[in-house]
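Structural overview
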Amino acid sequence: MSTKTNKSNRVIIFDTTLRDGEQAPGCSMNLEEKIQVAQVLDEMGVDVIEAGFPIASNGDFQSVQEVSKRVKNAQVAGLARATRKDIDRAWEALQPAVNPRIHSFLSTSPLHMKYKLQMEPEAVHQAVADSISYARNLCDNVEWSPEDGTRTEHDFLCRCVETAIKAGASTINIPDTVGYTVPEEFHALIEMLMNRVPNIDKAIISVHCHNDLGLAVANSLAALKAGARQIECTINGIGERAGNCAMEEVVMALRTRSDAMPYESGVDTTQIMRASRLVSTVTGFSVQPNKAIVGANAFAHESGIHQDGMLKNAQTYEIMTPESVGLTRSNLVMGKHSGRHAFKAKLEELGFELAENEFQDAFVRFKDLADHKKDIYDEDIVALVDDAVVRT
Ligand code: KIV
Ligand code: ZN
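As recorded in an unreviewed UniProt entry, the protein chain goes by the name 2-isopropylmalate synthase, listed as coming from Limibacillus halophilus. Reading the Sequence similarities (unreviewed entry) entry of the UniProt record for the protein chain gives the comment "Belongs to the alpha-IPM synthase/homocitrate synthase family. LeuA type 1 subfamily."

With respect to spatial proximity, the complete set of residues near ligand 1 consists of Asp-20, Phe-105, Ser-145, Glu-147, Pro-175, Thr-177, His-208 and His-210. Among the residues forming the shell around ligand 1, the class breakdown is two nonpolar, four polar and two charged.

Bridge count for strand β1 (residues 12–15) against strand β8 (residues 230–233) is four bridges, and the pairing is parallel. Its bridge partner lying in β8, Phe-14 is registered against Glu-232. Pairing between β1 and strand β2 (residues 48–52): two bridges, direction parallel. Across the sheet, residue Phe-14 finds its bridge partner in β2, namely Val-48.

Further remarks concern the UniProt feature "binding site: Mn(2+)" (unreviewed entry) in the protein chain. The feature "binding site: Mn(2+)" (unreviewed entry), as annotated in UniProt, sits at Asp-20, His-208, His-210 and Asn-244 in this numbering. Taken along the chain, the residues just named run across 225 residues; in space they keep tight, none of their C-alpha pairs more than 10.3 Å apart. Structurally, Asp-20 is set in the loop between β1 and α1 (31–43). Non-local contacts of Asp-20, meaning those with residues more than four positions away in its chain, are made with Thr-234, Gly-239, Glu-240 and Asn-244. Here Asn-244 lies in the loop between β8 and α9 (247–256). Taking the number of C-beta atoms within 10 Å as the measure of exposure, Asn-244 has 33 and is therefore buried.

Counting 94 residues, the largest nonpolar core has Ile-13, Ile-49, Val-76, Ala-164, Ile-172, Ile-190 and Val-250 as its most contacted members. With seven residues, the top contributor of residues to this core is helix α8 (residues 216–225). When sequence neighbours within four positions are dropped, the list of residues in contact with Ile-13 reads Val-46, Asp-47, Ile-231, Cys-233, Met-247, Val-251, Ser-265, Gly-266 and Val-267.

What follows is about the confidence of the model for the protein chain. Predicted confidence across the protein chain gives a mean pLDDT of 96, with 97% of residues reaching 70 or more. Per-element averaging of pLDDT across the protein chain places helix α14 (residues 378–391) at the bottom with 83 and strand β5 (residues 142–147) at the top with 99. Reported confidences for the modelled complex are a pTM of 0.95 and an ipTM of 0.99.

We now examine the packing of helix α3 (residues 84–93) against helix α5 (residues 121–138). The N-to-C vectors of α3 and α5 enclose an angle of 25°; their axes lie 10 Å apart at closest approach. Looking at the two axes, α3 sits roughly parallel to α5. Between α3 and α5 the crossing geometry is right-handed. In this structure, α3 contributes Arg-84, Ile-87 and Trp-91 to the contact, and α5 contributes Ser-131, Tyr-134, Ala-135 and Leu-138.

About the cut-offs
- Residues numbered from 1 in each chain as written.
- Chains lettered and ligands numbered in written order.
- Predicted model: local features only at pLDDT ≥ 70, side-chain atom pairs only at ≥ 80, totals over all residues.
- UniProt positions renumbered as here; feature names shortened; annotations may be inferred.
- Near = placed C-beta within 6 Å.
- Nonpolar A, V, L, I, M, F, W, Y, C, P; charged D, E, K, R; others polar.
- Pairing = 2+ DSSP bridges.
- Helix = DSSP H or I, 4+ residues; strand = E, 2+ residues; numbered from the N terminus.
- Contact = placed C-beta atoms within 7 Å.
- Buried ≥ 20, exposed ≤ 12 C-beta atoms within 10 Å, placed from the backbone.
- Core = buried A, V, L, I, M, F, W, Y, C linked by C-beta atoms within 7 Å.
- pLDDT = per-residue confidence, 0-100.
- Axes fitted to C-alpha atoms, helices over the stretch in contact; angles between N-to-C directions.
- Parallel < 35°, antiparallel > 145°, perpendicular 65-115°, else oblique.
- Left-handed = near helix turned anticlockwise from the far one by under 90°.

Next up, the structure:
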């Protein structure tokens with residue numbers, strides 16, 4: 001059990017679609033597209049929008065600057081490594097923002113320090129202190145991330161987190177950079193930080209989970225119970241390799257299972273489909289049909305038993321309403337598993353009222369067709385009915 005718990009149940013949603021999401025191979029967006037995405041994120045009530053990594057390129061710099069000009073409500077974050085040059089560049093790009101945040105990171109795992117940074121732990125520790133004090137002199141909203149945090153040795157992680165908070169970081173983000181952790185372990189890691197870092201209550205604890213083992217959402221939710229109050233995520237879960245924690249899944253899990261997880265986000269979930277479609281269109285990354293919340297099949301039913309249940313009471317097979325994510329209705333898909341009840345409902349929707357013998361004939365012919373044809377369109381059903389009416 002943690003000895004220190006965070007009293008508020010409000011979870012800060014930090015969206016990094018425009019930064020980590022864009023780092024997915026083939027997911028790059030142009031300036032206009034980034035502005036469009038940022039505006040939708042802002043309208044849907046996201047708390048922080050990470051707009052890019054200004055030192056990475058002039059294009060990234062410009063997009064952070066332009067997003068900063070347009071975002072009205074959310075904080076805008078710019079990413080920076082632990083160097084003055086990176087931090088200056090991020091700060092310059094963030095100038096127009098109403099609520100700017102500098103997000104600085106440095107690897108702390110033995111593997112990253114030895115091979116990637118080629119720095120000794122003491123030098124890394126010093127760089128944390130220096131970079132965060134430097135950023136804090138520019139901006140009063142500074143986030144620090146120990147990259148590869150979940151593979152970092154615990155004593156060293158505690159020391160670096162304590163130092164970052166002393167130097168002025170108001171958010172400490174623990175990244176599972178390579179999607180390695182599992183929920184119980186991640187919960188224990190956050191709990192360990194809450195218990196061992198003396199000044200931890202001066203900062204918001206954030207989590208940033210990658211999805212290499214398909215656990216990003218589960219890990220993020222597990223961290224809340226240990227005291228984390230910021231979740232970093234992306235629309236449609238896009239991001240490096242297998243992607244990041246999917247925002248739509250986290251916010252809908254919080255909304256749907258508030259009985260099991262007493263936390264809330266400020267996101268207007270009815271904007272989810274709008275955001276998902278926009279990100280899919282601008283990145284050219286299609287959403288897999290069975291993707292939770294936003295996949296084409298997430299509110300679709302084909303089996304006769306399920307369709308029958310849905311027609312009697314939608315809660316039989318749906319735990320969320322389509323309206324809650326911005327869809328107008330569920331989709332009863334006509335196929336070989338559909339039954340009479342759904343077929344009749346479809347006919348009514350298409351404006352047909354058949355006599356019993358016409359209906360029976362049309363249903364038999366529909367089943368025959370569905371055995372041979374993968375997709376049954378409304379036009380196929382209209383043709384069947386025309387035939388049935390003529391023949392009976
Ligand atoms: O995955 C990661 O570690 C990151 C950091 C920059 C936060 O994206
Ligand atoms: Zn990341």
